[in-house]
Amino acid sequence: MHKAAYSVTFVRHGESEWNKMNLFCGWHDVGLSEEGEWDALEVSAAALKRENMCYDIAFTSCLRRANQTLDIILKELNLSDIPVRQLWRLNERHYGALTGFNKRQMADIYGEEQVQVWRRSFNVPPPAIEPTNPYYHAIKNNPRLRHISEQDFPTTETLETTMERVVPEWTDSIIPEVRGGKRVLVVAHGTSLRGLVKHIQDADIMKFNLPNSIPFIIDFDESMKMVGGIRFLANDDTVLKAMEKVASIGGK
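Sequence order as written defines residue numbering, which begins from 1 separately in each chain. The predicted nature of this model means local features are confined to residues of pLDDT at least 70 and side-chain atom pairs, given and counted, to a pLDDT of 80 or more, with totals for whole chains, interfaces and linings taken over all residues. Excluding hydrogens and water, the side-chain figures rest on all heavy atoms present in the structure.

As annotated in an unreviewed UniProt entry, the protein chain carries the name phosphoglycerate mutase (2,3-diphosphoglycerate-dependent) and is attributed to Anopheles quadriannulatus. UniProt positions are given in the numbering used here, feature names are shortened, and annotations may be inferred rather than shown by experiment. Quoted verbatim from the Sequence similarities (unreviewed entry) field of UniProt, the annotation for the protein chain is "Belongs to the phosphoglycerate mutase family. BPG-dependent PGAM subfamily."

In C-alpha cells:
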C-alpha cells in the first residue's frame, strides 16, 4: 500500500437557518443557525483541536454559512491570521426552482422519489430558477457573487455540473498548495464536497451523505491518489446518525 505523503481536512458547514427549516438553499446566502454556530465550535473546532490540527491556508466558498463556520474554527484554533481563499466554485450546488421551498412540501407535490432524484442523482437537474422565484434577485444581486460572469452564473445544477466547476478548482488552486507542503483546510457545502469526494475516490456516491460539521481527513500519496478511507473525526455512531439526518427529506 502507498504511504500517505499529504493529507487534507474537509468540513461541511454547520446547520444554516434554512437547514433548520428544511428548505432547499443552494446559492441563497443564509447564515448559520444558533445550533450551526454551536456545532462549528463544539463539533468542528473541538474535533480539530483534539487532534492538534494546524493549518497554513484555508479554502472556502463565497457563501456566508461556510465563511462563518471557517471563521469560528480558525478563531478557536488561534489561526485567524492564515490566508483564506474564498472561491465561488466551491459554492453549494444551485437548486434552481426548488430554492426556498420546503423539502417535505416538494415531496408531497412532486413525489418523494422525484425529489430524491433531484437531490441525489448525478445528472438530473431541478427546473431552472425563474425571476418569479422570491429569492432570484437576492441571489443575482448578492455582492459576494457579483464577480461571477453571466455565462458562469447557474440557474440550476446537478452533481455533475457542480463537479465541472469544483474539480478544476481542486486541481488548479488547492492541489498546488498541498504539493507545496501547506497544511490545507477546506470548508464548503454538502454537494460541492460530495463532488470532490466522488472525484477523489472515483466512486458512486449516490447514497453517500456528508454530515454537517464533522471534519473528515483524506490522505494522499505522492501522486495525489487517495490512501486508505475517509477518516471522520467522530465515533462511527455519531457519523452514522448525522448522515441519516442529512439523507432524510424530513417531516417538517
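Now that the structure has been shown, the text picks up again.
Undergrad: Account for the overall build of the protein chain, naming residues and giving values.
TA: Here a helix means four or more residues in a row that DSSP labels H or I, a strand means two or more in a row labelled E, and each is numbered from the N terminus. Of the regular secondary structure elements, the protein chain holds nine helices and six strands. Along the first, second and third principal axes, the C-alpha atoms of the protein chain reach 50 × 40 × 35 Å. Think of it in three bands: residues with accessible area under 20% of the maximum for their type are buried, residues over 50% are exposed, and the middle band is partly exposed, with areas taken using a 1.4 Å probe on protein chains only. Looking at the protein chain as a whole, 54% of its 252 residues are labelled buried. Looking at the protein chain alone, contacts between residues at least 24 apart form 79% of all its contacts between residues at least 6 apart. Accessible surface area values rest on a Shrake-Rupley calculation with a 1.4 Å probe, where residue burial reflects the displayed protein chains alone. A total of about 11800 Å² of accessible surface is found on the protein chain, and carbon and sulfur atoms cover 49% of it. His is not counted, nor are the chain ends; Lys and Arg add positive charge and Asp and Glu add negative charge. Note on charges: their place is set at NZ of Lys, CZ of Arg, CG of Asp or CD of Glu. With 30 positive and 34 negative side-chain charges, the protein chain shows a separation of 1 Å between the mean positions of the two kinds. The contact criterion used is simple: two residues touch if any of their non-hydrogen atoms lie within 4.5 Å.

Undergrad: I'd like a description of the domain arrangement of the protein chain, backed by residues and values.
TA: What marks off one domain from the next here is an automatic or database domain assignment. Domains assigned within the protein chain are domain 1 (1–7 + 35–93 + 195–220 + 228–251) and domain 2 (94–157). Measuring from the centre of the C-alpha atoms in domain 1 to the corresponding centre in domain 2 gives 23 Å. Of the residues lining the interface, 18 residues belong to domain 1; the matching set on domain 2 comes to 21 residues. Two parts placed together each lose some accessible area; with a 1.4 Å probe, that loss summed over both constitutes the buried area. Of the roughly 1600 Å² buried between domain 1 and domain 2 on both sides combined, carbon and sulfur atoms contribute 53%. A pairing counts as a salt bridge when a side-chain nitrogen of Lys or Arg comes within 4 Å of a carboxyl oxygen of Asp or Glu. Linking domain 1 with domain 2 are one salt bridge, by the criterion used here. A salt bridge links Arg89 to Asp152; the nearest nitrogen and oxygen atoms lie 3.7 Å apart.

Undergrad: Quick rundown of the nonpolar core? Include the residues and the values.
TA: Throughout this description, the term nonpolar core refers to a set of buried Ala, Val, Leu, Ile, Met, Phe, Trp, Tyr and Cys residues connected via side-chain atoms within 4.5 Å. Grouped together as the largest cluster of nonpolar side chains are 30 residues, with contacts concentrated most on Phe10, Trp170 and Val186. Every element with two or more residues in this core is listed here: β1 (6–12), β2 (57–60), α7 (159–179), β4 (184–188), α8 (190–201), β5 (216–220) and α9 (236–247). At five residues, α7 tops the list of elements feeding residues into this core. Leaving out residues up to four positions away in the same chain, Trp170 has contacts with Val8, Phe10, Ile175, Pro176, Leu196, His199, Ile200, Phe220 and Met224. Judged by nonpolar contacts, the second largest core, of 17 residues, contains Leu48, Ala58, Val187 and Leu233.

Undergrad: Account for the pairing of β4, naming residues and giving values.
TA: Burial runs high along β4: five of the five residues are buried. Both faces of β4 are covered, namely the face carrying Val184, Val186 and Ala188 and the face carrying Leu185 and Val187. When DSSP finds at least two bridges between two strands, those strands are taken to pair. Across five bridges, β1 lies against β4 in parallel orientation. By the bridge assignment, Phe10 is partnered in β4 with Val186.

Undergrad: I'd like to hear about the side chain of Arg165, residue by residue, with values.
TA: With respect to the helices and strands, the residue Arg165 is situated in helix α7. Arg165 sits in the buried class, given a relative accessible area of 6%. In the analysis that follows, any N or O atom pair within 3.5 Å is treated as a polar contact, provided that within protein one partner can donate a hydrogen and the other can accept it, and provided that, for residues neighboring in sequence, both atoms belong to side chains. A polar atom in the side chain of Arg165 sits 2.9 Å from the backbone oxygen of Arg89. If near-sequence neighbours (up to four positions away) are discounted, Arg165 is found in contact with Trp27, Trp88, Arg89, Leu90, Asn91, Glu92, Arg93, His94 and Glu157.

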